[in-house]
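Single-letter residue listing:
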Amino acid sequence: MKTIIEPFRIKSVEPIRMTTHKERRHHIEAVDYNLFALHSDHVLIDLLTDSGTSSMSSAQWAAVMLGDESYAGSPSFYRFEAAVRELMPFRYIIPTHQGRAAEKILFTVVGREGQVIPNNTHFDTTRANVEARGMTAADLGIEEGKHPEVEHPFKGNMDVEKLDAFIRETGPENIPLCMITVTNNSGGGQPVSMENIRRTKEVCRRHGLPLFIDACRFAENAYFIKMREPGYEEKTVPDIVREMFSHADGCTMSAKKDPLVNIGGWLALNNEEWVDQCRNFLILTEGFPTYGGLAGRDLDAIAAGLREAVDEEYLRYRYASMRYVADRLTAAGVPMVRPVGGHAIFLDARGFLPQIPPLHYPGQSLAVELYLYGGIRSCEIGTSMFGKQADGSEQPASMDLVRLAIPRRVYTQSHMDYVIEVILEVFERRASLKGMRYTWQPPALRHFTGKFAYVD
Ligand code: F0G
């Protein structure tokens, strides 16, 4: 088989600047080893997130120029709405400035204090918005998803039996809706099967609960279904996408992921009672319902990006670039979440650095080293992020991972070769890495602004 090449050529380039090890040591010490606090021009390859970091196509930039900035009733809105509905046929589509705004509106309207939202795995903003409403977020993903080395084609799946038992125990009257996140970001970018979405919906229907999809990476999820789920090999990705959403009553969406834009999102739903309240709250916080915190040109960029997001040539390349890195690292014995997910490589820092106990944040130590050694910025997803308990104590997170999120259409194969080389060289001298501790932390979401030092 021939090499799967990047299905684009490059028309506009953005320089990146190499730094020396000495400069990077200075930069990382100046921010107390918190990678979020670095200036991004001190980063060579930025794999902090795949969110809002995509390269737009010439067609999207052309669409930007067609943006109509009317306050109300802009044709840009109607193009956006049609493009969304083409894939996600919900009755009401409400634009928002990004995903968490859609979450905030949804939970404000449907939630009551003391209620519970089940999900396969809540992303951290989703969890925070559920909790900000005085509700509890319950993660009910399958057991396989919690073990990096266990192979399973749909590790992002909901544990449907557990969900059923959970709803019985909690009482459906205490659950306004159930969510399912595709792909399951916090669980390693792992996909959810069509069968699992369908069975989740069946459980919800039996208990009279609506099902909402956290849809950020819907196109990558659909491509996994096409590749891995029997019966879907011959279906087109847009058809698979429509089938996924046919099982849902609504979705929250961050357009900063699969739709290939730098800002945007939406809330979609069928419920007539909820939509008026959602729109009223939208006007209060985001803007009029035909722009929702976005410019008309952003809406047009989303409409064009959505068409490109479900292009199979593009998705084939996207997955191939992920596999390319994962296969080389696995061949060298680097522990990581297997099989590779849709938008990121998740290194298993606990397996990579067994000498560092979870409470000394092996993921943070590894992420810092990748920056120091190679100028690569990644993100700890482990005990530093999730270890602090409500009572102030600390517990190991279920996994200690380092996420290397791959921005869409941004880096080429030689950038990825460089990333592989850096990881392999750090892997070779992994025994010399030391654990870390917080020297200062804020009361909540400490990983964003906390300060670290090495333990002696
Ligand atoms: N849901 C999931 C599954 C996400 O991954 C994100 C964002 C959101 C919701 C919130 O969307 O950022 O537009 O408000 N994930 C980014 C990340 C930040 O790096 O994974 P947003």
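Residues numbered from 1 in each chain as written. Predicted model: local features only at pLDDT ≥ 70, side-chain atom pairs only at ≥ 80, totals over all residues. Heavy atoms only, no water.

Visitor: Could you clarify how one ought to interpret the domain arrangement of the protein chain in this entry?
Guide: By convention, interface size is frequently given as the accessible area that disappears when the constituent parts associate. What the domain assignment reports for the protein chain is domain 1 (21-50 + 311-454) and domain 2 (58-309). Domain 1 puts 24 residues into the contact, and the matching count from domain 2 is 33 residues. When the two sides are added together, the surface that domain 1 and domain 2 hide from each other amounts to roughly 2500 Å², 54% of it contributed by carbon and sulfur. Summed over the shared surface of domain 1 and domain 2, the number is seven salt bridges. We note a salt bridge from Arg 338 to Glu 151, for which the minimum N-O separation is 3.3 Å. At the surface where domain 1 touches domain 2, the tally comes to 17 residue pairs in polar contact (both at pLDDT 80 or more). At the level of elements, α12 (312-331) and β9 (344-348) are the ones that each hand at least two residues to the side of domain 1 that touches domain 2. (Domains from an automatic or database assignment. Contact = heavy atoms within 4.5 Å. Buried area = accessible area lost by both parts, 1.4 Å probe. Salt bridge = Lys/Arg side-chain N within 4 Å of Asp/Glu carboxyl O. Polar contact = N/O pair within 3.5 Å; in protein donor to acceptor, adjacent residues only side chain to side chain. Helix = DSSP H or I, 4+ residues; strand = E, 2+ residues; numbered from the N terminus.)

Visitor: I would appreciate a short explanation of the state of the cysteines in the present structure.
Guide: Between two cysteines, a covalent bond joining their sulfur atoms is known as a disulfide. In the structure shown here, the tally under the stated rule is zero disulfides. Cys 216 provides the cysteine sulfur closest to Cys 379, a residue in no disulfide bond, and the two sulfurs are 15 Å apart. (Disulfide = S-S within 2.5 Å.)

Visitor: Before we go on, may I ask you to explain the site of the ligand in this structure?
Guide: Lining the immediate surroundings of the ligand are 17 residues, of which Thr 49, Arg 100, Ser 254, Lys 257 and Arg 403 lie closest. At 2.7 Å from an oxygen atom of the ligand is found a side-chain nitrogen or oxygen belonging to Arg 403. Protein chains bury 93% of the 470 Å² of accessible surface belonging to the ligand in isolation. Looking at the shell around the ligand, the element that brings in the most residues is helix α4 (residues 99-110), giving three residues. (Near = heavy atom within 4 Å. Areas by Shrake-Rupley, 256 points an atom, 1.4 Å probe, with all protein chains shown as cover.)

Visitor: Quick question: what am I supposed to make of the sheet that holds β9 here?
Guide: What links the strands of a sheet is backbone hydrogen bonding, and the strands pair in either a parallel or an antiparallel sense. Sheet architecture is open: three strands sit in the order β9-β12-β11, paired in antiparallel fashion. Pairing within the sheet leaves two strands with one partner each, and these edge strands are β9 and β11 (379-381). Going from strand to strand, the sheet's axes swing by 30° on average, the running direction of each strand aside. Of the strand pairs in this sheet, β11 and strand β12 (residues 401-405) are connected by three bridges, and their pairing is antiparallel. Paired with Glu 380 across the strands is Val 402, a residue of β12. Here helix α14 (residues 362-374) sits on the sheet in contact with β9, β11 and β12, set at roughly 40° to β12. (Pairing = 2+ DSSP bridges. Axes fitted to C-alpha atoms, helices over the stretch in contact; angles between N-to-C directions.)

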